[in-house]
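Secondary and tertiary structure notes
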Amino acid sequence: KQWYQRRVRDRQQIYDLVCEHDMLLIEDDPYYFINYGKPLKTFLHYDSEGRVIRLDSLSKVLCPGFRLGFCTAPPQLVTYMERHYSVSLLNSCNLSQTVAGAYFEKVGMEGFKAHTREITQYYKSQRDAIISALDKHMADLATWIVPEAGMFVWLKLNNVEDTSAFAELAMDNGVAFVPGRAFVTEDLKSPYLRLAFSLVPEEQLEEAVVRLASSIRQSTNVATITDYGA
């Protein structure tokens, strides 16, 4: 509860700074509909001066191939965005828009909300499975925060300077991750990595973590190898 209240205060303070310095705020929140706890109020909730441009995704909750999202913003800002979009990307895929439009006409917002609640339960089960595997097999190798939304876990490895160094080895062992350096603009080494738990069947997640742990130990010459199923 204290964490939640602090985050709420942080958001209000950030919005106050945006107003104070006469700025716009882009709230890119593709995982809002995949939330495992009490969702925080969005920046749009605090927007009393028309400064927030909120971006949501349909790709994460309906179909990855859609490559579609939607924007909520003051009308005057949306007008300028439409003009820019029309001379840059022209428009999103007509087929994807038609399918998405037909979907919402059929199920409505209540049906969409019911769908997101259902997939959230699926992803929560996936999250719990990978966190359990990490606790069991990688507690001595890394630290992480249990995600409260989305479909990824962000890890910081102990005594590892750059996770890119063993990405190829991990691939050879049958497991893939995104090295932390992929998420920064500078070409810097990073001890972080991102794991996805959205696609792999729940019963295979522990095996994936075991293979990742083995790859890390091989790369760092750590002697202990966890035996899967032990």
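The structure this text deals with has already been given above.
Because the structure is predicted, anything quoted here is derived from the model rather than measured.

Some points on the pattern of salt bridges
- For the coordinates displayed, the defined rule picks out 15 salt bridges.
- Between D22 and R51 there is a salt bridge, with its nearest N and O atoms 3.0 Å apart. Of this pair, D22 sits in the loop between α1 (2-20) and β1 (25-28) while R51 sits in the loop between α2 (43-46) and β2 (52-57), and the two are 29 residues apart along the sequence.
- Residue D22 is classed as exposed on the basis of its relative accessible area, which comes to 59%.
- On the basis of relative accessible area, R51 is assigned to the buried category, the value being 13%.
- Two residues, D140 and R217, come together in a salt bridge whose shortest N-O distance is 3.1 Å. Note that D140 is positioned in the loop between α4 (94-137) and β4 (142-144) and R217 in helix α6 (residues 202-220), a separation of 77 residues in sequence.

Quick word on the environment of N35
- Examined against the element boundaries, N35 turns out to sit in the loop between β1 and α2.
- Take N35: its relative accessible area is 22%, and that puts it in the partly exposed class.
- In this structure, the C-alpha to C-alpha distance between N35 and T116, residues 81 residues apart in sequence, is 9.3 Å.
- If we skip the residues at most four places from it in the chain, N35 touches T120, E148 and A149.
- There is a polar contact of 3.2 Å between the side chain of N35 and the backbone nitrogen of G37.

The rules behind these values
- Residues numbered from 1 in each chain as written.
- Predicted model: local features only at pLDDT ≥ 70, side-chain atom pairs only at ≥ 80, totals over all residues.
- Heavy atoms only, no water.
- Salt bridge = Lys/Arg side-chain N within 4 Å of Asp/Glu carboxyl O.
- Helix = DSSP H or I, 4+ residues; strand = E, 2+ residues; numbered from the N terminus.
- Buried < 20%, exposed > 50% of the residue type's maximum accessible area, 1.4 Å probe, protein only.
- Contact = heavy atoms within 4.5 Å.
- Polar contact = N/O pair within 3.5 Å; in protein donor to acceptor, adjacent residues only side chain to side chain.

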